[in-house]
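Survey of secondary and tertiary structure
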Number of protein chains: 2
Amino acid sequence: MKLTDIYSRKKKEIDYIEKQLEVAIRTDYPILYDASLHLLRAGGKRIRPVFVMLGGEFGTYDISKIQHVAVSLELIHMASLVHDDVIDDAKTRRGQLTVRTKWDNRVAMYTGDYIISKALLELTNLNITSLHRVMSKAMVEVCIGEMEQIRFFYNADQRLRDYLLRIKRKTALLLAVSCQLGAVATGASEYVSRKLYDFGYYVGMTFQIRDDILDLCGTEKELGKSPGSDLKQGNITLPVIYALQNPELNLSIREELKRIQAADGQTDVTKVIEMVRNSDGIDRADQLAQRYIAKAIAALEGLPDILAKRELEQIARFIGERSY
Amino acid sequence: MKLTDIYSRKKKEIDYIEKQLEVAIRTDYPILYDASLHLLRAGGKRIRPVFVMLGGEFGTYDISKIQHVAVSLELIHMASLVHDDVIDDAKTRRGQLTVRTKWDNRVAMYTGDYIISKALLELTNLNITSLHRVMSKAMVEVCIGEMEQIRFFYNADQRLRDYLLRIKRKTALLLAVSCQLGAVATGASEYVSRKLYDFGYYVGMTFQIRDDILDLCGTEKELGKSPGSDLKQGNITLPVIYALQNPELNLSIREELKRIQAADGQTDVTKVIEMVRNSDGIDRADQLAQRYIAKAIAALEGLPDILAKRELEQIARFIGERSY
């Protein structure tokens, strides 16, 4: 099963949100519009809008309200991608040229700032101050997460909790907030929106761990790039942290990391990938992902038994599935 | 007279805002805090907070409300500076190392994003949705203004209205919004806050024109950098646009601009500065600045005759004064 099958009931509304995203970034200023549209057309799973919509079904569902939260969250996500591409000197993303490649770093930076501003403007269509509070708090954390990632580049001494806090900020928080704010926008109870936040958070943790495993275990075809791009960048992910805990591997992985860092990532990383794959790092990372999925599903308990609840559970199970 | 003399009545409150700015950027994440604090300590005229405070006196003045708007606007301004420095490859600003020089471009970019997020979070301390609407609309325009500036680099065919629209977005809007939102936060009438917006807009236009004239006419000591930095960057300002309207100068200025562009700004710009200084460009730019100040003062008519009104008029006259 694909994620898109689970989305099928929401197909029409997802298409509607897609159009609203285009409306939201509209401006008569050509470069900003073209760059934003390029970013939008590069696609993505639109998991944040889907979470907003499903969260919204726990209150008095109203797509005219939901849409603003969904658009705003997807825009914030897009803005973080375009700024990340500048930082990472990324040439492509999802097989498309990045904004910084097609235009330049200046355009990418201001396009990011522009999209952030449009995301906030979108939210002002609803008269709920708490939306702004939750969103801006999440944005602060996302920025700290991005900086954390840089700080821990090539650091073989980082702890499991450093990694977990980082992926919470970098990924899980925006998914948590998506579920939560969908519910807030439709007037669901505090209890329900808190549970949905927890659900989104746990799913987000799994999502990032899966992504990090895939970067080590996926094929070039699956990834759209060669495996090990995280390692080349210095980003030490969960399977590597676990592999480093193995005394027999620790020293040789450290040496490889030093070598990669000295080459500024412009080197073959097959050896360290092999070491991690042959360790128990992948299995242990997978087990942690499973535990998060169990927590996500547990968070749904106590919520009213509506279709959206069962779909959220399906999405969680799908994200938890091992595909490598 | 200095601007700080006009501020004297507000000295205590400006110091308080200064402290609140430090509180607002606080985080236990070291680099982001250090970089933000570095930016804050680099100083500035804090004209946005002063406009917020004076605007606030037209309603039911309450510093506990005012402070959030003042802090938010100054932070948005700071964030735009740190991102501009990345774009401009600026080594120093106000005689201090820029964040991108002291740390690097990555830190500068995320520090900017972080400060934007903190600015928005600050605003959520007030339960007024319209603040968010006005602020995010202004931010959208500021981004377009920054892009506009890049688009028109070295373009000798740009029109007066291109320049005016650009400095409106780049500078005047945030000053307009500062005056306006101070009044909105203290519950002043729609009429009053609109008039204050107009005042801030006209003062902002003058402010930028003055700044652009000074870059051509100031001494190295006054500017803290050699004159003509706008020209080196390709930024064609009002006096140059006027000078280009002189048929006798047009061709030679164009040639100089082409030469500067070909050298990517790494060349002597004395010749074109001299041509502009010897043209009527400076005088005509000055006359336009005077007209904007007259409009600013006219915008204050019809507002209640309180001390803040007379101080705003003083500030406007001060900004309008010719100092070269």
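Higher on the page you've got the structure.
Overview of the structure. All of these numbers come straight from a predicted model, not from anything done at the bench.

Cut-offs used in this document
Residues numbered from 1 in each chain as written. Chains lettered and ligands numbered in written order. Predicted model: local features only at pLDDT ≥ 70, side-chain atom pairs only at ≥ 80, totals over all residues. Heavy atoms only, no water. Salt bridge = Lys/Arg side-chain N within 4 Å of Asp/Glu carboxyl O. Helix = DSSP H or I, 4+ residues; strand = E, 2+ residues; numbered from the N terminus. Buried < 20%, exposed > 50% of the residue type's maximum accessible area, 1.4 Å probe, protein only. Contact = heavy atoms within 4.5 Å. Buried area = accessible area lost by both parts, 1.4 Å probe. Polar contact = N/O pair within 3.5 Å; in protein donor to acceptor, adjacent residues only side chain to side chain. Nonpolar A, V, L, I, M, F, W, Y, C, P; charged D, E, K, R; others polar. Core = buried A, V, L, I, M, F, W, Y, C linked by side-chain atoms within 4.5 Å. Arc of directions from axis to C-beta. Least-squares fit on C-alpha atoms with pLDDT ≥ 70 in both. Axes fitted to C-alpha atoms, helices over the stretch in contact; angles between N-to-C directions. Parallel < 35°, antiparallel > 145°, perpendicular 65-115°, else oblique. Left-handed = near helix turned anticlockwise from the far one by under 90°.

The next thing to look at is the pattern of salt bridges. All names here are of chain A. Counted according to the given criterion, the structure contains 34 salt bridges over all chains. Ionic pairing is found between Arg-210 and Asp-286, a salt bridge with its closest N-O pair at 2.8 Å. Of this pair, Arg-210 sits in helix α10 (residues 190-217) while Asp-286 sits in helix α16 (residues 281-300); the two residues are 76 residues apart in sequence, bridging distant segments of the chain. Given a relative accessible area of 9%, Asp-286 falls into the buried group. Notably, a salt bridge pairs Arg-277 with Glu-274, separated by 3.5 Å at the nearest N-O pair. On the criterion of helical spacing, the pair formed by Arg-277 and Glu-274 is a turn pair, its members being 3 residues apart in helix α15 (residues 270-278). Since its relative accessible area comes to 33%, Arg-277 is described here as partly exposed. Each member of the salt-bridge network shares a partner with another, and the members are Arg-9, Lys-10, Glu-13, Glu-57 and Glu-311.

Let's shift gears to the interface of chain A and chain B. How big an interface is tends to be reported as the loss of accessible area on association of its parts. Taken together, the contact between chain A and chain B spans 38 residues of the former and 37 residues of the latter. Of the roughly 3900 Å² buried between chain A and chain B on both sides combined, carbon and sulfur atoms contribute 74%. Where chain A packs against chain B, one counts 0 salt bridges. Applying the counting rule to chain A against chain B returns 15 residue pairs in polar contact (both at pLDDT 80 or more). Of all the secondary-structure elements, those providing two or more residues to the side of chain A that touches chain B are α3 (30-41), α5 (63-87), α7 (105-123) and α8 (129-151) of chain A. When the residues that make up the side of chain A that touches chain B are grouped by side-chain class, the tally is 21 nonpolar, 8 polar and 9 charged.

In this structure, Arg-46 of chain A is a non-glycine residue whose phi angle is positive, near 55 degrees. Position of Arg-46 of chain A among the secondary structure elements: in the loop between α3 and α4 (47-56). For Tyr-154 of chain B, which is not glycine, the phi torsion reads 60 degrees and is therefore positive. As for its placement among the helices and strands, Tyr-154 of chain B is situated in the loop between α8 (129-151) and α9 (160-185). Judged by its relative accessible area of 14%, Tyr-154 of chain B is buried.

Generally speaking, a soluble globular protein has its nonpolar side chains buried in company with each other. If you look at the biggest cluster of nonpolar residues, it comprises 237 residues, and the most contacted ones within it are Phe-199, Ile-209 and Ile-315 of chain A together with Phe-199, Ile-209 and Ile-315 of chain B. Once residues lying within four places of it in the same chain are set aside, the contact partners of Ile-209 of chain B are Tyr-163, Ile-167, Leu-238, Ala-285, Leu-288, Ala-289 and Tyr-292 of chain B.

Residue and element names in this part refer to chain A. Take Gln-20: it is sitting in helix α2 (residues 11-24). Owing to a relative accessible area of 19%, Gln-20 belongs among the buried residues under this scheme. Ignoring any residue separated from it by four or fewer positions in sequence, one finds Gln-20 in contact with Gln-67 and Val-71.

Residues and elements named next belong to chain A. For α15, the set of buried residues is Val-272, Ile-273, Met-275 and Val-276. Buried residues of α15, viewed axially, fall in a sector of 160 degrees; they line one side. Turned more than 90 degrees away from the buried face of α15 sit Lys-271 and Asn-278, all of them exposed. Buried positions along α15 lie against α10, α12 (229-233), α13 (238-244), α14 (247-262) and α16.

This next bit is on the relation of the copies chain A and chain B. Each copy of the sequence occupies a distinct position, and chain A is placed on chain B by a rotation of 180 degrees and an axial shift of 0.0 Å, giving an RMSD of 0.0 Å. Those values place the two copies in the arrangement expected of a two-fold rotation axis. Considering only C-alpha atoms, the residue of chain A closest to the rotation axis is Thr-129 of chain A, which sits at 3.1 Å. Comparing contact sets, 97% of the residues at the interface of chain A also lie at the interface in chain B, consistent with an isologous, same-surface contact.

The angle between the axes and the distance between the axes are what describe a pair of packed helices. All names here are of chain B. It is at 8 Å that the axes of helix α5 (residues 63-88) and helix α7 (residues 105-123) come closest, and there the two elements cross at 165 degrees. One finds that α5 runs roughly antiparallel with respect to α7. In this structure, α5 meets α7 at a crossing whose hand is left-handed. Of the residues in α7, those in contact with His-68, Val-69, Val-71, Ser-72, Leu-75, Ile-76, Met-78, Ala-79, Val-82, His-83 and Val-86 of α5 are Asn-105, Ala-108, Met-109, Gly-112, Asp-113, Ile-115, Ile-116, Lys-118, Ala-119, Glu-122 and Leu-123. Classifying every residue of the contact of α5 with α7 gives 14 nonpolar, 5 polar and 3 charged.

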